[in-house]
Amino acid sequence: MSITSYNGSALIAMVGKNCFAIASDRRLGVNFQTIACDFQRIFKIHDKLYIGLSGLATDVQTMHQRLQFRHKLYQLREERNMRPETFASLVSAILYEKRFGPYFCEPIIAGLNDDGTPFICTTDLIGAKQLAKDFVVSGTASESLYGACESMYKPDLGPDELFEVISQALLASVDRDCISGWGGIVHVVTPDQVITKTLKGRMD
């Protein structure tokens, strides 16, 4: 079993009309043994920028702390928040500088630009970026997430429809992966508000 699937995870980000949604499962396990069902994989960088980290749980927490530190330094120096594209480049650079002994996590970056246009992207564990206009997925459930997203996603969805689509895609996918699931959490971000909801999933 790969070290990136040691703890299990399912992450997904989707673009709507002037909004985006990012969702993850909540299970923390060691292979097939479940340890907790309230593990955090999605982190807020600022009001319009979120990052989801799938992979090894210890590296997820380390990576989050490093990114928070670097963003706070940027805020002090520049006196503004980081743009999503800039933050994606920072994440890529941090991962690539550790390429010979990498962090075992695959991030998903989702944010809104100043003009309200959404930005999503994912990278592999050495920082190779993949940009997308519709959705990105990551984690051990990524194969079933791709299938669910491709069948359910439509462009220019509003916040409520986007929440419904991303929730159904997540819940349908984690049922097909035995090391992720146990509920989920969804953040829908619009230019003027953030809606956060938790999902109940199968607990078996």
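Look up: the structure comes first, before these words.
Notes on the structure in this doc start here. These numbers come from a predicted model, not from an experiment.

Of regular secondary structure, the protein chain possesses four helices and twelve strands. Taken over the C-alpha trace, the protein chain has a radius of gyration of 16 Å; the compact-globule value for 204 residues is 17 Å, and the two agree within 12%. Dimensions along the principal axes, computed over C-alpha positions, put the protein chain at roughly 50 × 40 × 25 Å. Counting over 204 residues, the protein chain shows a buried share of 52%.

With that out of the way, let us pick up a nonpolar patch on the surface. Taken together, the side chains of Phe69, Leu73 and Leu76 define a hydrophobic patch exposed on the protein surface, amounting to about 340 Å² of accessible area. Mapped onto the secondary structure, Phe69 falls in helix H1 (residues 57-78).

Bringing the sheet that holds strand E11 (residues 184-189) into the picture now. Reading across from one edge, E10-E1-E2-E11-E12 is the order of the five strands in this open sheet, with antiparallel pairing throughout. Only two strands of the sheet have a single partner each, and these edge strands are strand E10 (135-139) and strand E12 (194-199). Going from strand to strand, the sheet's axes swing by 10 degrees on average, the running direction of each strand aside. The pairing of strand E1 (residues 10-15) with strand E2 (residues 20-25) spans five bridges and is antiparallel.

Here we take up the pattern of salt bridges. In this structure the tally under the stated criterion is five salt bridges. Salt-bridge contacts for Asp25 lead to Arg41; the nearest nitrogen and oxygen are separated by 2.9 Å. Taken together, the positions of Asp25 in strand E2 and Arg41 in the loop between strand E4 (33-36) and strand E5 (42-46) put the pair 16 residues apart, joining distant regions of the chain. A salt bridge links Glu78 to Arg80, with the nearest nitrogen and oxygen atoms 3.5 Å apart. The class of Glu78 is partly exposed, set by a relative accessible area of 36%. Of the residues examined, Arg80 reaches a relative accessible area of 42% and is grouped as partly exposed.

Attention now moves to the sheet that holds strand E9 (residues 129-132). Read across the sheet, five strands follow the order E5-E6-E7-E8-E9 without closing on themselves; strand pairing throughout is antiparallel. A strand with exactly one partner marks an edge of an open sheet, and here the two such strands are E5 and E9. Sheet twist, expressed as the average angle between the axes of neighbouring strands with direction ignored, equals 20 degrees. Bridge analysis of strand E8 (residues 118-123) against E9 gives four bridges, and the strand direction is antiparallel. Counted as the bridge partner of Cys121 is Leu131 from E9. Sitting on the sheet, H1 touches E5, strand E6 (49-55) and strand E7 (105-112), and the angle it makes with E6 is about 155 degrees. On the sheet, helix H2 (residues 84-97) packs against E5, E6, E7, E8 and E9 and is oriented at approximately 165 degrees with respect to E7.

Cut-offs and rules
- Residues numbered from 1 in each chain as written.
- Predicted model: local features only at pLDDT ≥ 70, side-chain atom pairs only at ≥ 80, totals over all residues.
- Heavy atoms only, no water.
- Helix = DSSP H or I, 4+ residues; strand = E, 2+ residues; numbered from the N terminus.
- Rg over C-alpha atoms; globule rule 2.2 N^0.38 Å.
- Buried < 20%, exposed > 50% of the residue type's maximum accessible area, 1.4 Å probe, protein only.
- Patch = residues over 30% accessible without salt bridge, like charges linked within 9 Å, V, L, I, M, F, W, Y side chains within 5 Å.
- Areas by Shrake-Rupley, 256 points an atom, 1.4 Å probe, with all protein chains shown as cover.
- Salt bridge = Lys/Arg side-chain N within 4 Å of Asp/Glu carboxyl O.
- Pairing = 2+ DSSP bridges.
- Axes fitted to C-alpha atoms, helices over the stretch in contact; angles between N-to-C directions.
- Contact = heavy atoms within 4.5 Å.

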